[in-house]
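Here's the letter readout for the chains.
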2 protein chains.
Amino acid sequence: MTKSFDNLRSELANEIKQSRRLLGLTQEALALQAEVDRTYVSQLERGIANPSILILHRISMVLGMNLSIRLRGTSDQ
Amino acid sequence: MTKSFDNLRSELANEIKQSRRLLGLTQEALALQAEVDRTYVSQLERGIANPSILILHRISMVLGMNLSIRLRGTSDQ
DNA sequence: ATGTGACTTTCAGTCCGTG
DNA sequence: ACACGGACTGAAAGTCACA
């Protein structure tokens, strides 16, 4: 479990939390619409889960976002 | 399993395959270095797997890429 | 309304092989 | 060198009680 992975995971956690709050949704409301458990949303936002891309996709849909997963060259911005 | 998820998955599959080929790596060599199973790399590149972000992170590291997972507003570029 | 631990179930990911 | 399958194991995902 590298440091760069922990960074990735916590950045993702923050993105979810911020997007959710912008919509004025509770974790529970997000969980209900995304069809995941309320406590799993909590785990995601605390950065302690290792989610699959399917779960992330479902959550991003509810948040009105497109999930973008890219491999970027380290020289890129 | 929505269509937009299938698109996401196959785009990711293509990115991995192309990056790997650019480095002249076989699926097996990539699998060995990323510490994932050779048959799972095959599944990833065929877009029939639902990987966790940890696996994607490990693979992107071997490919010399940064894994970027973002929630983007649908109006964004 | 959220965090957390303990628990069960399901599927991601492995390991064996074949053409 | 890769697609594909079957059987297996550990981790992701789902459930619940409580603070």
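Within every chain, residues take consecutive numbers counted from 1 along the sequence as written. Here chains are named by letter from A upward and ligands by number from 1 upward, in the order in which they appear as written. Per-residue local features are limited, in this predicted model, to residues with pLDDT of at least 70; the limit for side-chain atom pairs, both in listing and counting, is 80 or more; totals at the level of whole chains, interfaces and linings are taken over all residues. As a rule here, side-chain values cover all heavy atoms of the structure and leave hydrogens and water aside.

- Labelled according to an unreviewed UniProt entry, chain A appears under the name XRE family transcriptional regulator, originating from Zoogloea oleivorans.

**Structural notes on the pattern of salt bridges**
Next, step 1: Criterion for a salt bridge: a side-chain nitrogen of Lys or Arg within 4 Å of a carboxyl oxygen of Asp or Glu. Scanning the entire structure with this criterion turns up 8 salt bridges over all chains.
Next, step 2: Here A:R20 and A:E45 are joined by a salt bridge, their closest N and O atoms 2.6 Å apart. Of this pair, A:R20 sits in helix α1 (residues 3–22) while A:E45 sits in helix α3 (residues 38–45), placing them 25 residues apart in sequence. The residues A:R20 and A:E45 share a single accessibility class, namely buried.
Next, step 3: Each of the salt bridges in this network shares a partner with another, and the network as a whole consists of A:E11, A:E15 and B:R70. Helical segments are the DSSP runs of H or I of at least four residues, strand segments are the runs of E of at least two, and each set is numbered from the N terminus. Think of it in three bands: residues with accessible area under 20% of the maximum for their type are buried, residues over 50% are exposed, and the middle band is partly exposed, with areas taken using a 1.4 Å probe on protein chains only.

**Remarks on the protein's contact with DNA strand D**
Next, step 1: Neighbouring residues of DNA strand D: 16 residues in total, closest A:Y40, A:N50, A:S52, B:Q27 and B:S42.
Next, step 2: The nearness test applies per residue and asks whether one of its heavy atoms lies within 4 Å of the molecule or strand. Within 4 Å of the protein, the contacting atoms of DNA strand D are drawn from sugar and phosphate to the extent of 72%.
Next, step 3: Between DNA strand D and B:Q27 there is a distance of 2.8 Å, counted from a phosphate oxygen to a backbone nitrogen or oxygen.
Next, step 4: The set of elements that each furnish at least two residues to the surface near DNA strand D consists of α3 and α4 (53–62) of chain A together with α3 (38–45) of chain B.
Next, step 5: For the surface near DNA strand D, the residue count by class is 3 nonpolar, 7 polar and 6 charged. In the analysis that follows, any N or O atom pair within 3.5 Å is treated as a polar contact, provided that within protein one partner can donate a hydrogen and the other can accept it, and provided that, for residues neighboring in sequence, both atoms belong to side chains. Residues are grouped as follows: nonpolar covers Ala, Val, Leu, Ile, Met, Phe, Trp, Tyr, Cys and Pro; charged covers Asp, Glu, Lys and Arg; every other residue, Gly included, is treated as polar.

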